[in-house]
Amino acid sequence: MKYIYILLITTTVFAQPDVNVLSEVEFESIQLNGHSLSQIKDTYGEESQIVNLFGVPDEKQISTVSGESYSYFYNQGFEIGFSTLYGGNATLGGFEITDSSMTISINSMNFSVGDNISVLSPLNLVENSGGNYPQGIKAYIIAPCEKCNHFIYIKYSVINQKIIEVGYLELT
């Protein structure tokens, strides 16, 4: 009995963060301003294709430290990056949205930064209890599997219940 109790405590302490799992198709269909995640990934970071999707960036940075990476910055609060860390085509490494004019769509539920977090209630999301967020900030994590290395996060303020940031990360 003592060992079962220790096992339960250990499992609880080291549990994975709460992840809201969508099917791969649903996840790849998440949209930014009407463009699906799969469409964005299929640009492979090529500037002309990024311009077709999101307009001319205010700034572009290229790094060749390990592989080649491309980052596109839009002053209104959107940045997106691609990397050839493992060779071959550039893969989507992440994006961050703090711009309230961008529309995000998950399972046909549209929202923007600045919206009240309650707009997401039809999605029945579970709050991430495993994150290391600043005081007053909480988040949801959405991925195509529980232990995936790529996911969407939605951060919001507990004080005013407003969405403050939406992003994507591909952990390498």
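This text goes with the structure placed above it.
Residues numbered from 1 in each chain as written. Predicted model: local features only at pLDDT ≥ 70, side-chain atom pairs only at ≥ 80, totals over all residues. Heavy atoms only, no water.

Q: How would you sum up the overall build of the chain? Please name residues and give values.
A: When its secondary structure is counted, the chain shows four helices and 12 strands. With respect to the three principal axes, the spread of C-alpha positions in the chain is 60 × 40 × 30 Å. For the chain, the accessible area works out to roughly 9,800 Å², and carbon and sulfur atoms hold 52% of it. (Helix = DSSP H or I, 4+ residues; strand = E, 2+ residues; numbered from the N terminus. Areas by Shrake-Rupley, 256 points an atom, 1.4 Å probe, with all protein chains shown as cover.)

Q: Got a sec to walk through the sheet that holds strand E12 (residues 163-170)? Specific residues and values, please.
A: Strands sit in the order E1-E10-E11-E12-E7-E6-E5-E4 across an open sheet of eight strands; the sheet is mixed. Each edge of the open sheet carries a strand with a single partner, namely strand E1 (20-21) and strand E4 (59-63). Relative to strand E10 (residues 137-143), E1 runs parallel, the two sharing two bridges. Note that in E10 the partner of Asn20 across the bridge is Ile142. (Pairing = 2+ DSSP bridges.)

Q: Report on the layout of surface pockets, specifying residues and quantitative values.
A: Rolled over the atoms, a probe as big as a water molecule pinpoints where empty space is left. In this structure, the largest pocket spans a volume of roughly 220 Å³. Around the largest pocket sit 13 residues that line it, and Ser83, Thr91, Gly93, Glu170 and Thr172 are the ones nearest its centre. Looking at the lining of the largest pocket, the elements that each hand over two or more residues are strand E6 (78-83) and strand E7 (91-97). A per-class count over the lining of the largest pocket returns four nonpolar, eight polar and one charged. (1 Å grid on protein atoms, 1.4 Å probe; cavity = no way out; pocket = protein on both sides within 12 Å on 5 of 7 lines; lining within 4 Å. Points joined across faces, edges and corners; volume = space filled by probe spheres on them. Nonpolar A, V, L, I, M, F, W, Y, C, P; charged D, E, K, R; others polar.)

Q: Quick one: what's the story with the side chain of Ser112, residue by residue and with numbers?
A: Among the secondary structure elements, Ser112 is positioned in the loop between strand E9 (109-111) and E10. A relative accessible area of 11% means that Ser112 is categorised as buried. Within the local environment of Ser112, its side chain forms a polar contact with the backbone oxygen of Met102, the two atoms lying 3.0 Å apart. Apart from residues lying up to four places away in sequence, Ser112 is in contact with Ser100, Met102, Thr103, Ile104 and Ile163. (Buried < 20%, exposed > 50% of the residue type's maximum accessible area, 1.4 Å probe, protein only. Polar contact = N/O pair within 3.5 Å; in protein donor to acceptor, adjacent residues only side chain to side chain. Contact = heavy atoms within 4.5 Å.)

Q: Outline the sheet that holds strand E3 (residues 35-36), listing residues and values.
A: Here we have four strands laid out as an open sheet, ordered E3-E2-E8-E9, and antiparallel in their pairing. Because the sheet does not close on itself, it has two edges, and the strands there are E3 and E9. As defined by bridge partners, strand E8 (residues 104-106) adjoins E9 across three bridges and the pair is classed as antiparallel. Within the sheet, the bridge partner assigned to Ile106 lies in E9 and is Met109.

Q: Could you give me a rundown of the pairing of E7, with the residues and numbers involved?
A: Alignment of E6 against E7, held across six bridges, turns out to be antiparallel. Paired with Gly81 across the bridge in E7 is Gly94. Examined bridge by bridge, E7 and E12 share four bridges and lie antiparallel to one another. When the bridges of E12 are listed, Phe95 appears paired with Tyr168.

Q: For helix H4 (residues 47-54), give the residues involved together with the corresponding values.
A: Among all positions in H4, only Ile50, Leu53 and Phe54 are buried. Around the axis of H4, the buried residues are gathered within 75 degrees of arc, so they sit on the same side. Positive phi shows up at Gly55, right after H4, with a value of about 90 degrees. (Arc of directions from axis to C-beta.)

Q: How would you summarise the pattern of salt bridges if you had to cite specific residues and measurements?
A: Counted according to the given criterion, the structure contains four salt bridges. Here Glu28 ties to Lys41 by a salt bridge, and the two come within 2.7 Å at their closest N and O atoms. In this pair, Glu28 sits in helix H2 (residues 24-28) while Lys41 sits in helix H3 (residues 37-41), placing the two residues 13 residues apart along the sequence. Each member of the pair Glu28 and Lys41 is classed as buried. (Salt bridge = Lys/Arg side-chain N within 4 Å of Asp/Glu carboxyl O.)

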